[in-house]
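Below, each chain spelled out in residue letters.
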Amino acid sequence: MLLLIFGSVFGGNPGGGYTLYVQNNDLEGGKPTSLSEVLVSALDNIEALDIKELPAGVEIEKYRKENPSLSIDRALVIPKGFQSSAMDGNVTVSLLTSGEGPATSMVQGVIDSVINMFNYQMSGVEPIINIDMGSLEKEEELSAVDYYLPGYIAAFIMINGIMAVTTYISEFRRNGIIKRLAATPLKKSSWILGNLTLQAVLGFLLTLVMVVVAMMVFGVQAIPGPYALILIFLGSVTFCSIGIVLGGVIKDTEAANTAGSAIAFPMMFLSGAFWPIEMVPSFMQTIAKFLPVYYFHEGLREIMIKDSPSQALVPFLIFTVLAVVFTFVAVKVTKWEEFE
């Protein structure tokens with residue numbers, strides 16, 4: 001469900017975009033002038049914009065209040081006399097917004113680009129420098145969800161390991177299940193390794209479900225290979241062992257749940273798993289590089305997107321060390337109470 005939500009929000013819906021209402025008041029005989037119609041058409045051809053038209057001549061603020069279901073947050077107003085004024089060399093269009101924000105800045109940047117192109121065309125200036133777009137990645141065309149899928153996998157495996165494991169380990173302690181296990185021939189280390197193996201299997205199943213759904217809904221092409229599966233195994237073991245440590249140290253189940261959430265959610269949203277790390281302030285980028293999830297999804301992206309397992313060496317080393325260390329700590333902190 002989260003994959004579908006985040007995938008759609010961050011580019012999984014190719015028909016979606018930032019909604020921009022356009023009011024074209026430049027009419028002749030009840031029809032838009034040719035130049036204003038070309039401007040609207042140019043905006044409509046921008047994939048990042050979802051153009052919706054407003055009736056000409058209406059007062060937008062009043063129209064917005066009368067039609068609250070429309071959610072008019074941004075409106076571009078093409079004034080009456082747009083075509084004739086443009087021919088004379090001076091015309092202004094108005095962009096009305098309900099507030100500042102990343103989406104508004106993005107829409108304004110797109111409109112500025114289109115307007116600048118119109119200015120060049122009307123002044124007769126031919127572009128000197130052109131851009132030929134290429135790709136540094138695999139030859140096949142990748143969608144936005146292809147790039148985000150490794151981050152989703154990393155974040156959800158981390159949540160499953162830390163939050164779920166912490167909860168059921170603390171429940172085992174409260175219900176006396178661990179005491180009963182201690183009365184059997186089962187060794188503590190064997191029980192912990194069994195839990196780690198179970199979480200690794202669940203990590204693979206979670207990855208499989210997410211990849212299949214992403215392929216069916218979004219048509220992704222970034223499929224985890226052998227190196228990615230090894231890193232997923234190490235990540236599952238690491239986060240599961242952290243969950244066992246928390247469940248072993250914190251006796252109260254509710255407190256264990258809170259601790260798991262307090263660790264998992266900041267890591268999930270600060271690590272850059274759901275959006276490019278370059279989008280956040282520099283101090284948050286520094287924090288992200290101290291979080292294991294950052295190296296988890298960066299390693300998966302190097303393997304799945306760039307097809308460069310050698311560039312994922314640091315994540316492999318980090319998670320190998322973390323898996324060994326936290327497994328050792330989990331064995332130490334888990335109380336295997338013997339009956340005399």
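Residues numbered from 1 in each chain as written. Predicted model: local features only at pLDDT ≥ 70, side-chain atom pairs only at ≥ 80, totals over all residues. Heavy atoms only, no water.

Student: Help me understand the pattern of salt bridges in this model?
Tutor: Note that side chains of opposite charge can pair when their charged atoms are close. Scanning all chains against the criterion turns up four salt bridges. Between arginine 301 and glutamate 298 there is a salt bridge, with its nearest N and O atoms 3.8 Å apart. One end of the pair, arginine 301, and the other, glutamate 298, are both in helix H12 (residues 292-304), three residues apart, so they sit about a helical turn from each other. The salt bridge partner of glutamate 302 is lysine 306, with a shortest N-O separation of 3.5 Å. (Salt bridge = Lys/Arg side-chain N within 4 Å of Asp/Glu carboxyl O. Helix = DSSP H or I, 4+ residues; strand = E, 2+ residues; numbered from the N terminus.)

Student: Teacher, can you tell me more about unusual backbone geometry here?
Tutor: Most peptide bonds adopt trans geometry, and most residues besides glycine take a negative phi value. Positive phi, close to 55°, is recorded for aspartate 307, a residue that is not glycine. Structurally, aspartate 307 is set in the loop between H12 and helix H13 (313-333).

Student: I would appreciate a short explanation of helix H8 (residues 188-218) in the present structure.
Tutor: Residues three or four positions apart in an α-helix share a direction because the helix packs 3.6 residues into each turn. With 31 residues, H8 should reach 45 Å at 1.5 Å per residue; the first-to-last C-alpha distance of 44 Å fits that figure. After H8 finishes, the residue glycine 219 shows a positive phi value of roughly 70°. (Expected span 1.5 Å × (residues − 1).)

Student: Would you mind going over the environment of leucine 198 with me for this structure?
Tutor: Examined against the element boundaries, leucine 198 turns out to sit in helix H8. Taking the C-alpha atoms as reference, leucine 198 lies 9.3 Å from valine 237; in sequence the two are 39 residues apart.

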